[in-house]
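Analysis of the macromolecular model
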Amino acid sequence: MDDRPVYLVGCGSDSHIIKRATAARAGEKPLLLAGTIVSTEHTAVSHSDGDAVYHALTNALLLAIGERDIGYHFPDTDARYAGANSESFVREALSLAEGAGYRVSNATVMLNASEPKISEHIPEMKKNLAHLLGVGQERIGIGASRGEGTWTGTGALGIYAIAQVSLVRR
Ligand code: MG
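For the structure given in this document, a descriptive report is provided here. (Residues numbered from 1 in each chain as written. Predicted model: local features only at pLDDT ≥ 70, side-chain atom pairs only at ≥ 80, totals over all residues. Heavy atoms only, no water.)

1. A short note on the overall build of the chain
- Assigned secondary structure in the chain consists of four helices and seven strands.
- Sequence-ordered secondary structure for the chain, helices as α and strands as β, is β-β-β-β-α-α-α-β-α-β-β.
- The dimensions of the chain, computed from C-alpha atoms along their principal axes, are 60 × 35 × 25 Å.
- Taken across its 170 residues, the chain has 45% of its residues classed as buried. (Helix = DSSP H or I, 4+ residues; strand = E, 2+ residues; numbered from the N terminus. Buried < 20%, exposed > 50% of the residue type's maximum accessible area, 1.4 Å probe, protein only.)

Below, the structure written as structure tokens:
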């Protein structure tokens, strides 16, 4: 008899400082979220490609199965991950979950950033996540808030992502 739980739930987060790109920094990496370029006029300060959605989701997947976090598995002090495509972190976390006998049931991501505007990019981000996680787009929820009046709405630029994922036993 299989006494593993039918469902597991994981929560993860990630944040990055964002800088406005200047002409002098032209060619700097664009701001990526869920593998989608959401701005070429902003860039995330990061060791890898700085995709906060993929990082938060990687944490959620790892924690759901009782693994340690993204910094433990893919340390930002490791030269191997300099400029890394963060999709690979999600894929690796996903294969650990699959190895534990689980597949994704649904995932949600909430973003907070005062700029750039994210909402117009949500459809493409949903498509990317659905494809990556092997579920229909109706199983992916992505929201974005400008955080009016809060710390994310004033002062230093940054982005904050929270992800939740539910896994079902295979
Ligand atoms: Mg990160």
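Read on for the rest.
2. Concerning the coordination of the magnesium ion
- At 2.2 to 2.6 Å from the magnesium ion lie its protein donor atoms, namely Asp14 (OD), Asp14 (OD), His16 (NE2) and His55 (ND1).
- Spacing between the donor residues of the magnesium ion along the chain follows D-x1-H-x38-H. Like histidine 16, aspartate 14 is buried. (Donors = N, O, S within 2.8 Å, 3.2 Å for Na, K, Ca; no water.)

3. Points about the pairing of strand β6 (residues 140–145)
- As paired strands, strand β5 (residues 102–113) and β6 are joined by six bridges and run parallel to one another. If you follow threonine 108 over to β6, its bridge partner there is glycine 141.
- Following the chain from β5 across helix α4 (residues 122–133) to the adjacent parallel β6, one finds a crossover that is right-handed. (Pairing = 2+ DSSP bridges. Right-handed = clockwise from strand over helix to strand, strands pointing away.)

4. Some words on unusual backbone geometry
- The residue after glutamate 115, namely proline 116, is reached through a cis peptide bond having omega 0°.
- Looking at the secondary structure, you find proline 116 in the loop between β5 and α4.
- Notably, alanine 34 is not glycine yet its phi reads approximately 50°, a positive angle.
- Its location among the elements puts alanine 34 in the loop between β2 (31–33) and β3 (36–39).

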